[in-house]
Amino acid sequence: MQNKGIVYLVGAGPGASDLVTVRGRSLIEMCDVLVYDYLVYDELLTWTRPGCEMIYVGKRSGFHSKPQKEIEALLIGHAREGKTVVRLKGGDPFIFGRGGEEAEALQKAGLPFEIVPGVTASLGTAAFMGFPLTHREVSSSVVMVTGHEDPAKPETVIDWGKYAGTGATLCIYMGMTNLKRISRELIGAGMAGDTPVAVVRWATLPRQESCFGTLATIAHHVAQRGIKPPAMIIIGPVVKDFPVYSWYENKPLFGKRVVVTRTRRQAGDLARRLTGLGADVMELPLIRVRRAVDEEVKGEVFSGLGSYDWIVFTSQNGVRYFFDSFREEYQDLRSLGIVRFAAVGPSTAREVEKFHLAVDLVPEKHTGSDLAKALIETGGLDNAKILVVKGNLGGEALIKRLEDQWAMVDRFEVYKTEPTDLSRHPVAGRFREMGAHAITFTSSSTVNSFARQAEFLQLKPGAVTPKSFSIGPVTSQAMADLKMPLTREAGKSTLDGLIEVLVEELRKS
Ligand code: SAH
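Position numbers for residues start from 1 in each chain and track the written sequence from start to end. With pLDDT at 70 or above as the cut-off, local features in this predicted model cover only qualifying residues; side-chain atom pairs require 80 or more to be listed or tallied, and sums for whole chains, interfaces and linings still use all residues. Processing note: side-chain calculations cover all non-hydrogen atoms of the structure and skip hydrogens and water entirely.

A separate point is the packing of aromatic side chains. For any two aromatic rings, the description comes down to two numbers: the centre-to-centre distance and the angle of the planes. Ring geometry is summarised as follows: Phe, Tyr and Trp rings, the Trp one being its six-membered ring, pair when their centres sit within 6.5 Å, and such pairs are stacked at plane angles under 30 degrees, edge-to-face over 60 and tilted between the two. Under the counting rule described, the total for this entry stands at 21 aromatic pairs. On the numbers, 5.1 Å between centres and 90° between planes, the contact of Phe322 with Phe323 is edge-to-face. With a 1.4 Å probe rolled over the protein chains alone, any residue whose accessible area is under 20% of its type maximum counts as buried; one over 50% counts as exposed, and the rest are partly exposed. Residue classification places Phe322 among the buried residues on the basis of a relative accessible area of 0%. Members of the aromatic cluster, joined through ring pairs, are Phe302, Phe313, Phe322, Phe323, Phe326, Tyr330, Phe341, Phe355 and Phe412. For the cation-ring pair, Arg207 lies above Trp202, with the distance from its terminal atom to the ring centre recorded as 4.5 Å. Only Lys NZ and Arg CZ are tested; either one counts as a charge over a ring when it is within 6 Å of the ring centre and within 35 degrees of the ring normal. Just above the ring of Tyr308 sits the side chain of Lys385; from NZ or CZ to the centre is 4.6 Å.

Next comes the structure, spelled out in structure tokens:
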């Protein structure tokens, strides 16, 4: 059989996770092996599928990154084993990323590879600072240049004089350690000392830091503010003449780390809104739901599908994964036969209705035993055939009550709820390291799972202790039961209400 191994050199963009391309994201989601370095924001790493091998090859404080040859050998080795490898690189893989060398090595090894571009740091920086890199009146060209040509060569061999008189906007990558010398040489070569300069660290991320000055003063300002690499240096009149007000740094939650605790699927809405307000959202997915269907059981269920009197759904996930399985077997909804549907509550019923199917029964209270009670009250469960669609947890009380009434119950488990492994989760790691300004709880079940995983969320000394926020009284009570501190409860028990008190409280600090 032909070896299907392939390497994708993927640009991760400048930082913010939603600046990666759609193609880049889908490759991260499907790859077998992900090889990444330091500049990549940890959120991207959580997109990988379970079982994806993640290999870190970047620098970490004080340590050198893996030698380039070793990285190339790693890519080649995995691709030769038939794996789909994503080599994720900050920004664009072909801008100062040694992507060219990796592509060449793959070419030489006779392995297939593809390149996925990314937003390079200078473009990300300009966009998030709100100044253009070109402007009809003052700059008609852009230069991207490294201030540190090769980490192995301490002296740069760039001839700065060449760039001094071009009138181009200069974007200097990796220039922070040489900033003083670079500005001196540019001035020496005839560039005006009052040419405006911006230095921006962690551009596009909520931890973005910026510093302005001129060629003559910038090194001094940067040293005073203690701004460290990685940062982008941008030199030229565009920096001063057209500083569109910094739309990003002026957002109400800019620079604040806010923890969101829900399952991945549900966290989206709150996380998106907080990110929109400039917050550095840290999603801690405490539980994970995944489709898990036993093929044998599935075969039995679907071969006898027409014989059920009731199909009972105990959760939205159950509905979703049931119909996923159904569609793998049948093209036509009529294959369901004449069957009645019961759902534990209105959101589960709505999920069924999405398939243009009516739900015959929803109990008044939304628990398993109320559902059983309601079914029993319909009468005639003796010898009725009931299919209960469920996850790996719960549902047993419901089933027992039905069986007590002589119903013939088949269980169809379609998904599993599992605690996520926070000991290795990158976002949990960052939380332990740095802490957060706020943590939000939107249900008592997240409060409980948070408490259960507390050992993986111990803050290191010096980390910021978060203020805690609850969406409403039930959640607050769950926190009180566990003796967890509460800073504020939302005035209205909605996401809007939660966000409102959070902004109010964090603005104080
Ligand atoms: N391939 C990358 C560049 C790698 S070189 C790209 O296309 O962007 C690494 C340098 O990029 C850093 O030293 C810094 O100068 C710059 N850089 C990368 N990400 C940055 C960010 N978020 N903010 C500011 N500078 C950044």
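Attention now moves to the pattern of salt bridges. If the charged atoms of two oppositely charged side chains come close together, the side chains can form a pair. When a carboxyl oxygen of Asp or Glu lies within 4 Å of a side-chain nitrogen of Lys or Arg, that pair is called a salt bridge. One pass over the full model with this rule turns up 30 salt bridges. Lys416 is paired through a salt bridge with Glu413; the nearest N and O atoms lie 3.8 Å apart. The class of Glu413 is partly exposed, set by a relative accessible area of 33%. Taken together, the shared-partner salt bridges in this structure form one network comprising Arg291, Glu295, Lys298, Glu328 and Glu329.

The next point concerns the pairing of strand β2 (residues 33–36). In this description a helix means any DSSP run of H or I spanning at least four residues, a strand means any run of E spanning at least two, and both kinds are numbered starting from the N terminus. Across the two faces of β2 the burial is the same, with Val33 and Val35 and Leu34 and Tyr36 all buried. Strands qualify as paired when DSSP identifies two bridges or more between them. Two strands pair when backbone bridges link them, and β2 and strand β3 (residues 53–56) are joined in this way by four bridges, in the parallel orientation. Counterpart to Val35 in the pairing with β3 is Ile55. Where β2 lies against strand β4 (residues 84–89), four bridges are found, and the strand directions are parallel. Pairing of Val33 across the sheet is with Val85, part of β4.

We call a residue near a molecule or strand as soon as one heavy atom of that residue lies within 4 Å of the molecule or strand. Close to the ligand lie 17 residues; Asp92, Ile95, Thr120, Ala121 and Ala231 are nearest. The definition of a polar contact used here is a pair of N or O atoms within 3.5 Å, where within protein one atom must be able to donate a hydrogen and the other to accept one, and adjacent residues in sequence count solely through side-chain atom pairs. Contacts to the ligand include Pro14, whose backbone N or O atom sits 2.9 Å from a nitrogen atom. Within the backbone of Ala203, one N or O atom sits 2.8 Å away from a nitrogen atom of the ligand. Values of accessible area rely on a 1.4 Å probe in the Shrake-Rupley scheme; residue burial ignores everything except the protein chains shown. Taken by itself the ligand offers 550 Å² of open surface, and the protein chains cover 93% of this. Taken together, the residues that form the shell around the ligand break down as 13 nonpolar, three polar and one charged. Note that the domain bounds reflect an automated or database-derived domain assignment. In terms of domain composition, the shell around the ligand takes at least three residues from each of domain 1 (6–118) and domain 2 (123–241). When residues are sorted by character, Ala, Val, Leu, Ile, Met, Phe, Trp, Tyr, Cys and Pro go into the nonpolar class, Asp, Glu, Lys and Arg into the charged class, and all the rest, Gly among them, into the polar class.

When you line up the elements, His221 lands in helix α7 (residues 218–225). Along the sequence, His221 and Ser476 sit 255 residues apart, while their C-alpha atoms lie 46 Å from each other. It only takes one pair of heavy atoms within 4.5 Å for two residues to be counted as in contact. When near neighbours in sequence (up to four residues on either side) are disregarded, His221 contacts Cys211, Phe212 and Gly213.

Read from one edge to the other, the open sheet built from five strands follows the order β12-β11-β18-β19-β20, with strand pairing classed as parallel. A single partner strand is all that each edge strand has here, and the edge strands are β12 (280–283) and β20 (488–489). Taken together, the four bridges between strand β11 (residues 257–261) and strand β18 (residues 438–441) define a ladder with parallel strand orientation. Within β18, the residue paired with Val260 across the bridge is Thr440. Each axis is a line fitted through C-alpha atoms, and for a helix only the stretch in contact is used; angles between axes span 0 to 180 degrees, taken between their N-to-C directions. Across the sheet, helix α16 (residues 444–452) is in contact with β11 and β18; its angle to β18 comes to roughly 125°.

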